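Each chain is listed here by its residues.
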Amino acid sequence: MSNLTECAAWHALEKHHQEVAPQHMREWFEADPERTARFSAEACGIYVDYSKNRITDDTLALLLGLARERRIAERVAEMFDGVPINATENRAVLHAALRDDAQVPACTVGADVRARVARELGRLDEFARAVHNGDWLGYSGSPITDVVNIGIGGSDLGPLMVCRALRPYALSGLNVHFVSNVDGTHLADTLAGLQPQSTLFVVCSKTFTTLETLTNAHNARAWIVEHLGDQAAVASHFVAVSTNAAAVTEFGIAPESMFGFWDWVGGRYSLWSSIGVSIVLCVGPKRFRELLAGAHAMDLHFRDAPFEANLPVLLGMLGVWYGNFFGAETHAVLPYDQSLERFPAYLQQLDMESNGKSTTLTGDRVGYLTGPIVWGEPGTNGQHAFFQLLHQGTRLVPADFLVPAHSLRPVGEHHRLLLANCFAQTEALMRGKRADEARAELQAAGFSGDALESLLPHKVFEGNRPSNTLLFRVLDPYTLGALIALYEHKVFVQGSVWGVNSFDQWGVELGKQLAGVIARELTYEDDAAGHDASTNYLINHCRHLWRSGEHP
Ligand code: F6P
C-alpha cells in the first residue's frame, strides 16, 4: 500500500479542499433542500445527521475513495477474522468476539473462543446474582451493599462511563464506586463513606502490574484486614479481573474469585469482557446482555454496510477531512445527556490512546496529523463555558452532538429545553450571523451611529462550523452499546487511514519507567543528580519541603 499522501484520492482531496474551503454551508442548505436527506444515515437506532459539514457530494466521494485506497474494507475483514492486526504486540483484535452472537456471528473465531467467552459471561452472571441475592456475604455475614471497582484506564473509564450512563437501569441495593487515581485521596474519599463488612472490592487490571491499581488494592486490603481483624476476610471482600492469574494469586485472591479475559482484548476495548463486572453488578446480567447486543448490531453494520451508509466509516472519514485538510487539531464530543457525563473522558482514552501515534505500521514517521485531541462536556453546561470559542474563536473545532429524543428521567419541561438547545447550537454553528442580520438586530434594539458600528463586529458569527448530530430514541443499554461500538470502529477506520496501529500504547511506557526511578529516589537521603536540572530540582525541592516540616 502506498504512502497516504501519495494516494490519488489524497491529492484530489487537497485540490478539492481549495475549492470547498471558501464556500459556506449556509448557502448549500439554502440551495438544496435535499441536503440532509442525502447526508444522513441511520443504524442500530442511531440517526446521524452529518449534513452540517463542509462537504459536497464530491467531497464524500473522494473521502470514501480514500478509504478504499487505504483498503479499509480489507482491514475490517482482517479484524473480524482474528488476523493479528495489532502487529507490534502480535495480537488479534477481537473485542467484537466478546459481544458476538453465535447465530449471527460477526467474527470468524473458533468454537473454543466462543466457549471461553460464554463461560466467563456465565460466571459473571452467577456472581452478580449471588451478590444481589445475598448468597455472597461479607466475612461477618453482612450482605454486600457497596462495590468498589479498583482499576485505571480501560479498567476504569469504560465501566465507570457505562454505570453512570445506565444509572436509570441500576438495580437497587448495591452502590457501585470507582477508584482509579494513585492519589490516596481517591481511595480515602471513597472508603470514608463505606462499611468494611458490606464492601466488596473488584480489582480490575489486565496486566495486574499497574502501579495505581496495585497500590489502591493493597491499601483497600489493609483497610479490610484492619477493620475485620482477620486476613481470611480478604476472600469474602475481593475478586479480581485479569489476564494474569499468577499475579492475582500472589496478591491473595483465589483463582475461583478471578474472572478472566484474553490478550486479544485491548484495555480500552475491554468493558465488554469480565472488566465489565461492575456494570453487571450495577444493572444486572439482562441489561449487560442488551449492551452487548447493541454493540454486536453495530459490529454487523460496520462489517457489512456499504461505505456510503456506514456510520463508523462516514464519521471516521469526516474526521480525516477536518484533521488532514482543514488542520483541525481537536474534536469536541458534546453529549446532551447528563447520563453521558463521562463519555468524553472515556472517548479520550479510546481515541487518543489508539490513534495518538506518529509512527506508521511500517515504522516510518508520519507526514500528516493523526489522532485529534478529543474533549468535551455535557450540554448545556459547555454552552456557558467554552462554546464562545466554538462560535467565534479562531480555531475550527468539529463537534459531535449526542442526544436522546426521550429522557429516562423526565422532569417538567427540562428535556424539551435540552433538545432545543442542542439543535440550536448546531444551527448557530452552521449558519452563523451575517453583518446585515446583526445590523438589523441592533437597529431593532435601538442602536445607531457609532454605538452600532462599534458593536457590530462583535455581533457577527462567521458560522460554517461543522458538527454531526447523533439522535437516538433513548439511552437504553442497547443504544449505548451501539454508540460505544460506533466510536470504537470510527477510531479503527481513522487509524487504518493513517496507517498506525490503533491497538498498542507504547507511548505510556516512558513515563511509567521514569516514575519508578523517581519513586525510589524520593526515599533516598542524597540529592537526586541523575536527571536534567529541572527534574533534579523538583525532586530535591520536594524532599526539602518534606524535611522542613511544612506539612498540614
Ligand atoms: O497505561 C495505559 C494502560 O496500559 C491502558 O492501556 C490500560 O487500559 C491501563 O493502563 C490499565 O492497564 P491494566 O488494566 O493492565 O491495569
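Below: a short report on this structure. (Residues numbered from 1 in each chain as written. Predicted model: local features only at pLDDT ≥ 70, side-chain atom pairs only at ≥ 80, totals over all residues. Heavy atoms only, no water.)

In this section: the overall build of the protein chain. Counting its secondary structure elements, the protein chain contains 22 helices and eleven strands. Here the protein chain has a C-alpha radius of gyration of 26 Å; the compact-globule value for 552 residues is 24 Å, and the two agree. The proportion of buried residues among the 552 residues of the protein chain is 53%. For the protein chain, restricting intrachain contacts to residue pairs at least 6 apart in sequence, the fraction spanning at least 24 positions comes to 75%. Element-wise, carbon and sulfur atoms account for 53% of the exposed surface of the protein chain, whose accessible area totals about 23900 Å². Within the protein chain, the 63 negative side-chain charges are centred at a point lying 2 Å from the centre of the 44 positive side-chain charges. (Helix = DSSP H or I, 4+ residues; strand = E, 2+ residues; numbered from the N terminus. Rg over C-alpha atoms; globule rule 2.2 N^0.38 Å. Buried < 20%, exposed > 50% of the residue type's maximum accessible area, 1.4 Å probe, protein only. Contact = heavy atoms within 4.5 Å. Areas by Shrake-Rupley, 256 points an atom, 1.4 Å probe, with all protein chains shown as cover. Lys, Arg positive; Asp, Glu negative; His and termini not counted. Charge placed at Lys NZ, Arg CZ, Asp CG, Glu CD.)

Packing of helix 5 (residues 72-80) against helix 20 (residues 477-498) brings their axes to within 10 Å, and their N-to-C directions diverge by 125°. Accordingly, the angle class assigned to the pair helix 5 and helix 20 is oblique. The interaxial crossing formed by helix 5 with helix 20 has right-handed handedness. From helix 5, Ile72, Arg75, Val76, Met79 and Phe80 reach across to helix 20, where they touch His489, Phe492, Val493, Ser496 and Val497. Taken together, the residues that form the contact of helix 5 with helix 20 break down as seven nonpolar, two polar and one charged. (Axes fitted to C-alpha atoms, helices over the stretch in contact; angles between N-to-C directions. Parallel < 35°, antiparallel > 145°, perpendicular 65-115°, else oblique. Left-handed = near helix turned anticlockwise from the far one by under 90°. Nonpolar A, V, L, I, M, F, W, Y, C, P; charged D, E, K, R; others polar.)

This next bit is on helix 7 (residues 157-165). Summarising burial for helix 7: eight of the nine residues are buried, a large majority. Of the positions making up helix 7, those classed as buried are Leu157, Gly158, Pro159, Leu160, Met161, Val162, Cys163 and Ala165. In this structure, the buried side of helix 7 is in contact with strand 4 (175-179), helix 12 (277-283), helix 13 (285-304), helix 15 (343-355) and helix 20.

The full count for this structure, using the stated rule, is 22 aromatic pairs. Consider the rings of Tyr322 and Phe326, whose centres lie 5.4 Å apart with planes at 50°: the pair is tilted. Phe326 carries the same exposure label as Tyr322, and that label is buried. Here the aromatic cluster, defined as three or more aromatic residues joined through ring pairs, consists of Trp10, Trp321, Tyr322, Phe325, Phe326 and Tyr368. (Phe/Tyr/Trp six-rings, centres within 6.5 Å; stacked < 30°, edge-to-face > 60°.)

Let us now look at the side chain of Ser198. Looking at the element boundaries, Ser198 is found in the loop between helix 8 (184-192) and strand 5 (199-204). A relative accessible area of 8% means that Ser198 is categorised as buried.

Here we come to the site of the ligand. Around the ligand lies a shell of 14 residues, among which Ser155, Ser205, Thr207, Thr210 and Glu353 are the nearest. The separation between an oxygen atom of the ligand and a polar side-chain atom of Ser155 is 2.7 Å. Interatomic distance of 2.7 Å between a side-chain N/O atom of Glu353 and an oxygen atom of the ligand. A breakdown of the residues in the shell around the ligand according to their chemical character gives two nonpolar, nine polar and three charged. (Near = heavy atom within 4 Å. Polar contact = N/O pair within 3.5 Å; in protein donor to acceptor, adjacent residues only side chain to side chain.)

This part is about the nonpolar core. Among the nonpolar cores identified, the biggest contains 125 residues, and Leu66, Trp264, Met317, Phe343 and Leu480 are the most heavily contacted of them. The biggest single contributor to this core is helix 20, with twelve residues. If sequence neighbours within four positions are ignored, Trp264 has contacts with Ala92, Val93, Leu94, His95, Ala97, Leu98, Val113 and Val117. Counting residues in each nonpolar core, the second largest holds 25 residues, with Leu187, Trp223, Ile253 and Met258 among its members. (Core = buried A, V, L, I, M, F, W, Y, C linked by side-chain atoms within 4.5 Å.)

Tracing the sequence through the fold places Phe29 in helix 2 (residues 25-31). Through-space distance from the C-alpha of Phe29 to that of Ser51 is 8.7 Å; in sequence the pair is 22 residues apart.

What follows concerns the pairing of strand 10 (residues 399-404). Here strand 10 lies mainly inside the structure; six of its six residues are buried. Because side chains alternate across strand 10, one face comprises the buried residues Ala399, Phe401 and Val403, and the other comprises Asp400, Leu402 and Pro404, equally buried. The pairing of strand 8 (residues 330-335) with strand 10 spans four bridges and is classified as parallel. Within the sheet, the bridge partner assigned to Val333 lies in strand 10 and is Asp400. Sheet topology places strand 10 next to strand 11 (residues 467-472); six bridges connect them, and they run parallel. Each bridged residue has a counterpart across the sheet, and for Ala399 the counterpart in strand 11 is Ser467. (Pairing = 2+ DSSP bridges.)

This part covers the sheet that holds strand 8. Spatial ordering of the open sheet is given by 1-2-11-10-8-9, a layout of six strands whose pairing is mixed. Both outer strands of the open sheet, strand 1 (40-43) and strand 9 (373-375), are each paired with one neighbouring strand and no more. Across the sheet, the mean angle separating the axes of adjacent strands is 15° when strand polarity is ignored. Strands strand 2 (46-49), strand 8, strand 10 and strand 11 of the sheet are contacted by helix 20, whose axis makes an angle of about 150° with strand 11.

Turning to the packing of helix 6 (residues 111-133) against helix 13, a few remarks are in order. Running from N to C, helix 6 and helix 13 cross one another at 145°; their axes reach a closest spacing of 10 Å. Each of Leu121, Gly122, Asp125 and Arg129 in helix 6 lies in contact with helix 13, whose residues at this interface are Pro285, Phe288, Arg289 and Leu292. Class assignment for the residues of the contact of helix 6 with helix 13 results in four nonpolar, one polar and three charged.

With that settled, the discussion passes to the side chain of Arg99. You can see Arg99 is positioned in the loop between helix 5 and helix 6. For Arg99, a relative accessible area of 2% corresponds to the buried category. Looking at Arg99, its side chain comes within polar contact range of the side chain of Glu488, at 2.9 Å. Discounting chain neighbours no more than four positions away, the residues touching Arg99 are Trp272, Leu292, Ala295, His296, Asp299, Ala485, Glu488 and His489.

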